[in-house]
Amino acid sequence: GDSVTQTEGLVTVTEGLPVKLNCTYQTTYLTIAFFWYVQYLNEAPQVLLKSSTDNKRTEHQGFHATLHKSSSSFHLQKSSAQLSDSALYYCALSPQGGRALIFGTGTTVSVSP
Amino acid sequence: NAGVIQTPRHKVTGKGQEATLWCEPISGHSAVFWYRQTIVQGLEFLTYFRNQAPIDDSGMPKERFSAQMPNQSHSTLKIQSTQPQDSAVYLCASSLGGQDTQYFGPGTRLLVL
């Protein structure tokens, strides 16, 4: 079946240093879109990035990700982590046809001073 | 734009009681999704509607859970005979359809004692 894998449950990083969250997927759908959602404590998930174009870099709020269909990946990166980036991050696959999102298990990012 | 509205924000029920959760999608959005979030399972898909019609309820525990969308402005998720394992945050999301971004409501935190 279709699945999304986030290998890190917790990522700790010092403020100002780079951070990378891994996301890989398996799918039988030919047309897919990918999202990164961020969820702050006691809030709803909100979209951070979206991409459906192979090998095109997408950026928002200092974060960037590139969908690589050849390696089935959509890793999230930021060059300089901020304290306000501490949150839970979900990678999600959107299959063609407007079906429900398929989420990874989530990665908690903790940024320390 | 008020975003997705969910009520109540918190609900406490006794084991065996019924719980009804409400969702008002963003005006103009044709797709409505229900997810459940727990620490152990993360984000799980329950069911979704497109243009008020039920499309996929494969994530719903069949015996006690039901969902309806009687009009384009609200959807309900009903849990009969609630059990402690139903305790979770229930999230509603809406989108324009297709692979458009899903926007989440603040969720209803259900606690079954």
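The text that follows walks through the structure, step by step, so that each part is easy to find. (Residues numbered from 1 in each chain as written. Chains lettered and ligands numbered in written order. Predicted model: local features only at pLDDT ≥ 70, side-chain atom pairs only at ≥ 80, totals over all residues. Heavy atoms only, no water.)

## What about the state of the cysteines?
All names here are of chain A. Counted by the stated rule, this structure contains two disulfides over all chains. Put simply, C23 and C91 are joined by a disulfide, and their sulfur atoms are 1.9 Å apart. Where C23 bonds to C91 through sulfur, the torsion about that S-S bond is close to -65°, and the disulfide is left-handed. Of this pair, C23 sits in the loop between β3 (19-21) and β4 (24-26) while C91 sits in strand β10 (residues 87-95), placing them 68 residues apart in sequence. In terms of burial, C23 and C91 fall into one category: buried. (Disulfide = S-S within 2.5 Å. Helix = DSSP H or I, 4+ residues; strand = E, 2+ residues; numbered from the N terminus. Buried < 20%, exposed > 50% of the residue type's maximum accessible area, 1.4 Å probe, protein only.)

## Quick look at the side chain of T47 of chain B
Residues and elements named next belong to chain B. Looking at where T47 falls in the secondary structure, it is placed in strand β5 (residues 42-50). At 3.1 Å, the side chain of T47 forms a polar contact with the backbone oxygen of D56. Residues within four places of T47 in sequence aside, it is in contact with V32, F33, W34, D56, D57, M60 and A67. (Polar contact = N/O pair within 3.5 Å; in protein donor to acceptor, adjacent residues only side chain to side chain. Contact = heavy atoms within 4.5 Å.)

## Quick word on the interface of chain A and chain B
At the junction of the two partners, chain A supplies 22 residues and chain B supplies 18 residues. Carbon and sulfur atoms make up 54% of the area that chain A and chain B hide from each other, which totals about 1500 Å². Seen at the junction of chain A and chain B, the total is zero salt bridges. Our enumeration of links across chain A and chain B arrives at eight residue pairs in polar contact (both at pLDDT 80 or more). Of all elements in the fold, only β5 (32-39), β6 (46-51) and β10 of chain A reach the threshold of two or more residues within the side of chain A that touches chain B. Among the elements that take part in the side of chain A that touches chain B, β5 of chain A stands out by supplying five residues, more than any other. Here the side of chain A that touches chain B is composed, by residue class, of 13 nonpolar, seven polar and two charged. (Buried area = accessible area lost by both parts, 1.4 Å probe. Salt bridge = Lys/Arg side-chain N within 4 Å of Asp/Glu carboxyl O. Nonpolar A, V, L, I, M, F, W, Y, C, P; charged D, E, K, R; others polar.)

## Concerning the sheet that holds strand β3 (residues 19-24) of chain B
Residue and element names in this part refer to chain B. What the four strands build is an open sheet, ordered β1-β3-β8-β7; its pairing is antiparallel. The open sheet terminates on both sides in strands that have one partner only, identified here as β1 (5-7) and β7 (65-71). Recorded for the sheet is a direction-independent mean angle of 20° between the axes of neighbouring strands. Bridge count for β1 against β3 is three bridges, and the pairing is antiparallel. Bridge pairing in β3 links T7 to W22. (Pairing = 2+ DSSP bridges. Axes fitted to C-alpha atoms, helices over the stretch in contact; angles between N-to-C directions.)

The values reported here are purely geometric and, on their own, carry no functional implication.
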